[in-house]
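# Coordinate analysis (summary)
Chain by chain, the residues run as shown.
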Amino acid sequence: MAEISILGAGGLTGKELLSLLSHQSTHEVVHITSDKLAGKTLAEVFPEIPFPKNLTFRKHEDAVPSKSLVVLAVPNEVSVESAPKFLDAGHKVIDLSGVYRLHDQEILEKSYKLKHTKFSYVDKAVFGIPEIFRDKLKNADFVSNPGCFSTSVILPVFLLNELRKNLKPRIVADSKSGVSGAGGRTEDAGFSYTGVYENFRAYKILSHQHEPEIQEYIYANSGLAAPEVIFTPHLLPVYRGILSTIVLELDSEPSVDPMTAIQNSSANEPFIRILKTPEEVELKKIQHTNFLDISIRRRGSTLVVVSALDNLVKGAAGQALQNINLMTGTKETLGLLP
């Protein structure tokens with residue numbers, strides 16, 4: 001059993017993780033924080049989450065139980081200072097922010113619009129996509145949980161590993177997200193539901209913080225130079241889910257059919273589902289699940305990959321729970337499959 005402390009448990013991803021953890025009995029949540037909700041019980045704030053005991057929200061600065069695994073579901077600037085503090089105190093840490101994902105300090109600071117005072121800790125973090133870094137995650141003390149958009153693009157291309165050497169070094173990814181993935185903690189009216197109702201738009205064009213993340217990790221473990229990545233996010237008038245369309249170009253004939261390649265590499269992955277046609281990939285099939293649905297179609301030298309995931313589950317809290325399970329020697333699917 002692992003004891004879990006969740007800082008920022010009153011936010012979207014913190015609440016989602018609490019909900020997932022409430023449906024299993026192996027891990028125990030022992031500490032939750034929210035400066036805004038401090039002093040209120042979990043039952044008062046989220047009565048729909050069926051925890052067996054009544055937790056109370058505390059302030060972020062309150063002492064964390066000494067043996068607990070700490071999940072940081074707090075803003076980027078808070079994670080910069082908090083992650084090293086907990087690591088130095090002997091905690092295992094999973095950070096859901098983006099500030100320990102990128103290994104180029106200049107790009108990281110530009111992407112997240114902050115000064116990173118603890119950049120040396122980036123090298124201590126394991127990027128938390130289990131399907132790519134499972135062995136490292138099993139021995140990790142510090143995990144940088146991936147972005148939701150990033151997961152929806154990186155993982156499908158990784159699963160095409162038999163074809164990556166046949167691809168031109170340019171990837172175009174077009175992603176559509178519900179407001180819970182695009183807005184997060186931002187209370188900008190443009191990311192509220194009233195701002196997207198009967199509306200649809202692109203945002204952060206050529207400037208989204210997940211673009212350099214995709215570029216850094218999309219060819220992970222391949223030995224190939226990183227390709228150029230052109231990533232465009234869009235805002236859907238729905239609450240949860242991301243659907244990504246990824247365009248790849250072949251520069252030589254692969255030795256294996258693309259669909260066969262992706263089926264082979266995902267055969268033993270519990271949360272990857274390969275669908276027969278790209279048209280079958282849709283948000284309603286992945287909402288409230290930890291699955292990533294993928295399909296692919298080829299026309300000549302062009303490959304179009306379509307993927308879908310729930311940004312709050314496989315894109316955040318569900319992937320965090322996969323990582324908790326791996327870090328603690330627990331069955332990876334615990335709390336994530338019926």
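Sequence positions are assigned chain by chain, starting from 1 and proceeding in written order. Since the coordinates come from a predicted model, pLDDT governs what is reported: local features require at least 70, and pairs of side-chain atoms require 80 or more to be given and counted, while whole-chain, interface and lining totals use all residues. With hydrogens and water set aside, each side-chain value is computed from the structure's full complement of heavy atoms.

As annotated in an unreviewed UniProt entry, the chain is N-acetyl-gamma-glutamyl-phosphate reductase from Leptospira yasudae. UniProt positions are given in the numbering used here, feature names are shortened, and annotations may be inferred rather than shown by experiment. The UniProt entry for the chain carries this comment under Subcellular location (unreviewed entry): "Cytoplasm". What UniProt states about the chain under its Sequence similarities (unreviewed entry) heading is, verbatim, "Belongs to the NAGSA dehydrogenase family. Type 1 subfamily."

## Considerations on the environment of Val-247
To qualify as a helix, a DSSP run of H or I must reach at least 4 residues; to qualify as a strand, a run of E must reach at least 2; elements of each kind are numbered from the N terminus. If you trace the backbone, Val-247 turns up in strand β11 (residues 242–249). Exposure is judged per residue with a 1.4 Å probe applied to protein chains only, and the accessible area is read against the type maximum: over 50% gives exposed, under 20% gives buried, and values in between give partly exposed. Using a relative accessible area of 30% as the deciding quantity, one classes Val-247 as partly exposed. Here the alpha-carbon distance between Val-247 and Glu-269, two residues 22 residues apart in the chain, equals 23 Å. Setting aside anything within four residues of it in sequence, one finds Val-247 in contact with Arg-170, Ile-171, Val-172, Thr-302, Leu-303 and Val-304. Every residue pair with non-hydrogen atoms within 4.5 Å of one another is taken to be in contact.

## Side note on helix α9 (residues 210–217)
By the criterion of burial, α9 is predominantly enclosed, with six of the eight residues buried. His-210, Glu-211, Pro-212, Glu-213, Ile-214 and Tyr-217 are the residues of α9 that are buried. Packed against the buried residues of α9 are α4 (105–112), β6 (126–127), α5 (130–138), α6 (148–158) and β10 (228–235).

## What about the side chain of Gln-24?
Among the secondary structure elements, Gln-24 is positioned in the loop between α1 (12–21) and β2 (28–33). By the criterion applied in these results, polar contacts are pairs of N or O atoms within 3.5 Å in which, for protein atoms, one can donate a hydrogen and the other can accept it, and in which residues neighboring in sequence qualify only through two side-chain atoms. Polar side-chain contacts of Gln-24 include one of 2.7 Å to the backbone nitrogen of His-27. Non-local contacts of Gln-24, meaning those with residues more than four positions away in its chain, are made with Leu-334 and Gly-335.

## Here's the deal with the packing of α1 against helix α11 (residues 313–327)
Every axis in this analysis is a line fitted to C-alpha atoms, fitted for helices over the stretch in contact. Angles between the N-to-C directions lie between 0 and 180 degrees. Interhelical geometry of α1 versus α11 gives an angle of 50° and a closest axis separation of 9 Å. Between α1 and α11, the angle falls in the class oblique. Of the two elements, α1 crosses α11, and the hand of that crossing is right-handed. Contact residues: α1 offers Thr-13, Glu-16, Leu-17, Leu-20 and Leu-21, while α11 offers Val-313, Ala-316, Ala-317, Gly-318 and Leu-321. Residues are grouped as follows: nonpolar covers Ala, Val, Leu, Ile, Met, Phe, Trp, Tyr, Cys and Pro; charged covers Asp, Glu, Lys and Arg; every other residue, Gly included, is treated as polar. A per-class count over the contact of α1 with α11 returns seven nonpolar, two polar and one charged. An angle below 35 degrees is read as roughly parallel, one above 145 as roughly antiparallel, one from 65 to 115 as roughly perpendicular, and any other as oblique. By convention the crossing between two helices is left-handed if the near helix lies anticlockwise of the far one by an angle smaller than a right angle, and right-handed if it lies clockwise.

## Quick look at the sheet that holds strand β13 (residues 292–299)
The strand order across the open sheet built from seven strands is β9-β10-β8-β11-β14-β13-β12, with neighbouring strands paired in mixed fashion. A single partner strand is all that each edge strand has here, and the edge strands are β9 (201–202) and β12 (272–274). Only strands joined by at least two bridges in the DSSP assignment are considered to pair. Relative to strand β14 (residues 302–309), β11 runs antiparallel, the two sharing eight bridges. From the neighbouring strand, Thr-245 faces β14, where its bridge partner is Val-306. Docked against the sheet, α6 engages β8 (170–177), β10, β11, β12, β13 and β14, running at close to 40° with respect to β11.

## Some points on the environment of Ile-132
In this fold, Ile-132 is placed in helix α5. Spatially, the C-alpha atom of Ile-132 lies 9.6 Å from that of Tyr-217, the residues being 85 residues apart in sequence. With residues up to four places along the chain from it excluded, the contact list for Ile-132 reads Ile-154, Leu-155, Phe-158, Ala-220 and Asn-221.

## Quick word on the pairing of strand β1 (residues 3–7)
Of all the five residues making up β1, four are buried; the element is thus mostly covered by neighbouring parts of the structure. Here β1 pairs with β2 via five bridges, running parallel. Paired with Ile-6 across the two strands is Ile-32, which belongs to β2. As paired strands, β1 and strand β4 (residues 69–72) are joined by four bridges and run parallel to one another. Bridge pairing in β4 links Ile-6 to Val-71.

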